[in-house]
Amino acid sequence: MFQHVVLKQLQNIADGKFGLERENLRVTASGRLAMTPHPKSLGDKCCNPEITTDFSESQIEIVSPAVSSVEALLPEISRINAKVKKGLEDEYLWMQSVPPCHLPPEDKIPLAQFGVPGDVIYEKTEYRMYLAAKYGSYKQLYSGIHFNFSFDEDQLNELLSLEQRNDFYIRLMAQALKYRYFLTFTLAASPKTINGTTYRSARLGKEGYHNTQPILLDYSDTASYLCSLKKVIDSGVIEGSRELYELVRAKGTNMDEFNSLKAEINRIELRLPDLNPFYPDGINPADLYVMHLYIKWCSGLINDSYTDEEQLIASQLSFEASELDLTVAVEHKIKAIFDALFVYLENAGLPSIYHQSLLEAYDRFLYPKKRYAEKLLHAYSESSFEQFNLEHSIK
């Protein structure tokens, strides 16, 4: 447990490093999935730190360098985005998390190719074969955004030992997962009706991409977390930590050794944002501030529990928040998080842009017609899913 005075100091750390990863499918001028290899004009995906592929050979992943402010983040994505667009020939980046229509048969979806059989790096392709067989290739094509934040190391080190710093990130991950329904709702921009249910985020809904069964872990501290994760892997539920599809991850080095004395956790990753076609870089800049604010707020809750029962409840709430029609109970819970964030902001000492960004998100909560999913469905009704998203991909 962390002392109250330390919690306050941790919450006051605003400095740190920010990073963004964005996935997009490549499509043709007619909106079909591009079946071509990763363009040579974008460099070698095996060693390019900014442009690579995700699950599919047709799925580009853009990775920003770590920067010291939210303001500096989107210009980096814009810069890499422009580089990618320039390197594509008669193809475009699909700016919607839901894949385009008229996909090829599932077994024809091109897997990302890394080397050839016999190469050490070919293991990455074999892993994608494993994922395709277990989850299906269609679900793997859902694309999104990952937001990374690391608290300023110098300030953390003044307050915490390495062991405590690791525990801080593990417990921060737990609380960010516990209330993730707030971000599921706030960032949802992939509406689709599947099996009779209309989702505001098909990607994050029950029909979206997640592990085949709930994975309950021990978030008490780093040692307990790594031990519980190792047990899940040894049971065969997942083949390794990379297959743990949690929407919030604590990341660092040496975690796959499952030894808390060797692990060095250095950042938190939010994997919830859908691609948002209303914005040229795929995300509303205001939502970046909301996510950073959310992380900072969660950092003050790290002494709270995250039991097995609470994990199951959190998953259910996130699924419910992914649906277009919210229950009154879920609406009340989302409203409570907005209220808590506004209260936190009163004494957080953050620039006014944080308050403005939260107000913008709250406005969407109050007025459904302003929400991303509702606006997209309206746009689809006036044209079509394919036409609207292709137009916004070609821009």
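Check the entry above for the structure.
As a starting point, this report considers the structure included with it. (Residues numbered from 1 in each chain as written. Predicted model: local features only at pLDDT ≥ 70, side-chain atom pairs only at ≥ 80, totals over all residues. Heavy atoms only, no water.)

### Considerations on the pattern of salt bridges
Here is step 1: Enumeration over the complete set of coordinates arrives at 20 salt bridges.
Here is step 2: With its nearest N and O atoms 2.7 Å apart, the salt bridge here joins Asp 363 to Lys 370.
Here is step 3: Under the relative-accessibility criterion, Asp 363 is labelled partly exposed at 25%.
Here is step 4: Take Lys 370: its relative accessible area is 40%, and that puts it in the partly exposed class.
Here is step 5: Within the structure, one salt-bridge network assembled from shared partners comprises Glu 50, Glu 76, Arg 79 and Lys 83. (Salt bridge = Lys/Arg side-chain N within 4 Å of Asp/Glu carboxyl O. Buried < 20%, exposed > 50% of the residue type's maximum accessible area, 1.4 Å probe, protein only.)

### Notes on the packing of aromatic side chains
Here is step 1: Evaluation of the coordinates by the stated rule reveals 28 aromatic pairs.
Here is step 2: For the pair Tyr 279 and Tyr 372, a centre-to-centre distance of 6.4 Å together with 85° between the ring planes defines the contact as edge-to-face. Here Tyr 279, found in the loop between strand E9 (264–270) and helix H9 (285–298), pairs with Tyr 372, found in helix H13 (residues 372–382); they are 93 residues apart in sequence, far enough to count as distant.
Here is step 3: Look at Tyr 279 and you get partly exposed, because its relative accessible area is 22%.
Here is step 4: Given the relative accessible area of 4%, Tyr 372 is considered buried.
Here is step 5: One aromatic cluster is present, built from ring pairs that chain together Tyr 179, Tyr 181, Phe 182, Phe 185, Tyr 294, Trp 297, Phe 338, Phe 342, Tyr 362 and Phe 365.
Here is step 6: Sitting over the face of the ring of Phe 114, Lys 124 holds its NZ or CZ atom 5.2 Å from the ring centroid.
Here is step 7: Above the face of the Phe 278 ring, Lys 375 is positioned so that its terminal group lies 4.6 Å from the ring centre. (Phe/Tyr/Trp six-rings, centres within 6.5 Å; stacked < 30°, edge-to-face > 60°. Helix = DSSP H or I, 4+ residues; strand = E, 2+ residues; numbered from the N terminus. Lys NZ or Arg CZ within 6 Å of the ring centre and 35° of its normal.)

### Quick look at the nonpolar core
Here is step 1: Core analysis: the biggest nonpolar cluster contains 95 residues, and Phe 147, Phe 168, Phe 182 and Tyr 225 have the highest contact counts within it.
Here is step 2: Considering every element that reaches this core, the biggest residue donor is H9, with nine residues.
Here is step 3: For Phe 168, the contacting residues outside a window of four places in its chain are Phe 2, Leu 10, Phe 151, Leu 156, Leu 160, Ser 299 and Ile 302.
Here is step 4: Of all hydrophobic cores here, the second largest spans 27 residues; its members include Leu 111, Tyr 127, Ile 194 and Phe 388. (Core = buried A, V, L, I, M, F, W, Y, C linked by side-chain atoms within 4.5 Å. Contact = heavy atoms within 4.5 Å.)

### Topic: the pairing of strand E5 (residues 145–151)
Here is step 1: Within E5, seven of the seven residues are buried, leaving the element largely enclosed by the surrounding structure.
Here is step 2: Residues of E5 alternate between two faces, with Ile 145, Phe 147, Phe 149 and Phe 151 on one and His 146, Asn 148 and Ser 150 on the opposite face, all of them buried.
Here is step 3: Relative to E5, strand E1 (residues 16–28) runs antiparallel, the two being bridged by seven bridges. For Gly 19, the partnering residue across the bridge sits in E5 and is Asn 148.
Here is step 4: For E5 and E9, the ladder comprises three bridges, and the chain directions are antiparallel. Directly across from Phe 149, in E9, lies its bridge partner Ile 268. (Pairing = 2+ DSSP bridges.)

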